[in-house]
Amino acid sequence: MKIHDIECAQGPGSGVLTAWVEPCASAEPIEVFYKIEGIERPLSGGTDALAVALLTPSMFERESLSIEGKISDPLVRNLGRAQKILSQWYDYLETVPIAAESGSGGDQLNPASGVMCCFSAGVDSWYSLLKHDTRITHLLLIRGFDIGLDNDVLWQAALSRAGIVAERMGKRLVTCATNIRDIADKRRSRWGRPFNGDFWGESLHGAALASVALLLQNDIGEVIIPATHNHAQIKPWGSSPLLDHFWSNGRVRILHDGCEAGRTEKVRAIAQCDLALETLRVCYHDTPDINCGRCEKCLRTILALRTCGALDRAKHFRRTGRSRKCAA
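Residues numbered from 1 in each chain as written. Predicted model: local features only at pLDDT ≥ 70, side-chain atom pairs only at ≥ 80, totals over all residues. Heavy atoms only, no water.

Draft legend 1. Just the confidence of the model for the chain, in detail. In the predicted model, the chain carries a mean pLDDT of 92, and 93% of its residues have values of at least 70. Under a pLDDT of 50 for its full length, residues 320-328 has, in the predicted model, 11 contacts with residues more than four places off or in other chains. (pLDDT = per-residue confidence, 0-100. Contact = heavy atoms within 4.5 Å.)

Dropping the structure here:
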């Protein structure tokens, strides 16, 4: 895989990274983009970001990853460790050479003071936000991962909720729209060998989140990735306390957070915050009600809210929760 013609364009409070990716010998070049809003300083670390995002599909295709530009020295070391873990977890991934110029030691540079939390307004992200509230300065909401680039209904709902939370809690909201998942997720991409499993969940989504974080290194020195699993549930997964910190480039620390609590414990913690219950959004369906109340994620959350005695205060679950209780 070759990555070249990496360019950054800046605007007031915004930035766009573009690059061309030649994913394999038989595929046409594809343009990848990251469009960022809400930043204070120019984007940086584009080669680091793309190396992290596109390493896993290169491992799947068993092709070297060649990048035009410099990768920071700490990230070069960390990518070797990440490859070792991923190849031990999954027999469909093999370690591959990475060809790029060696950059200056990122661990010798002073990191920015900002602390960012990846925030979807779901249970995991609300738990981490409340846990680290006094440290967190920025919230990050991404379009193109769980929320598709063409899903305007869900994006507007998510953007509205995140905007309310950022304003009331005194955080700066940063948004990113990117097509990196459509290119790198082997379940979605139209190049190379087919993959029938959950490539995004199993091996890619933590790296994809980190790739956005690395672009923001002039503003952000630490990024919190909320945990999906607690310590008892730890398994090979694309975002893991065993893996996420290896996406750091020395300037941005990646923190996998929240493994100490299960879902009901997290719901019990966020139930102490009225704003969390008012804006809680776990559903990924197109619905004007924010949460459909019927999908697996909604039902799990409704049960946890009821167990914690907080369902009546959860504004966007109240109607669906009561109707199901009566129907039972």
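Let us keep going from here.
Draft legend 2. Seen up close, unusual backbone geometry. Non-glycine residue Asp5 carries a positive phi angle of around 50°. The phi torsion at Ala121 lies on the positive side, around 75°, for a residue other than glycine. Note on placement: Ala121 falls in the loop between strand 6 (114-118) and helix 3 (123-131). The buried category is assigned to Ala121, whose relative accessible area is 1%. (Helix = DSSP H or I, 4+ residues; strand = E, 2+ residues; numbered from the N terminus. Buried < 20%, exposed > 50% of the residue type's maximum accessible area, 1.4 Å probe, protein only.)

Draft legend 3. Spotlight on the pairing of strand 1 (residues 2-11). Where strand 1 and strand 2 (residues 14-22) come together, 8 bridges link them in antiparallel fashion. Across the sheet, Ala9 pairs through a bridge with Val16, a residue of strand 2. The antiparallel pairing of strand 1 with strand 2 creates a hairpin that spans 2 residues between the two strands, and Gly13 there sits at a positive phi of about 70°. Of the pairings in the sheet, the one linking strand 1 to strand 4 (residues 65-71) comprises 2 bridges and is parallel in character. Pairing of Ile3 across the sheet is with Ile67, part of strand 4. (Pairing = 2+ DSSP bridges.)

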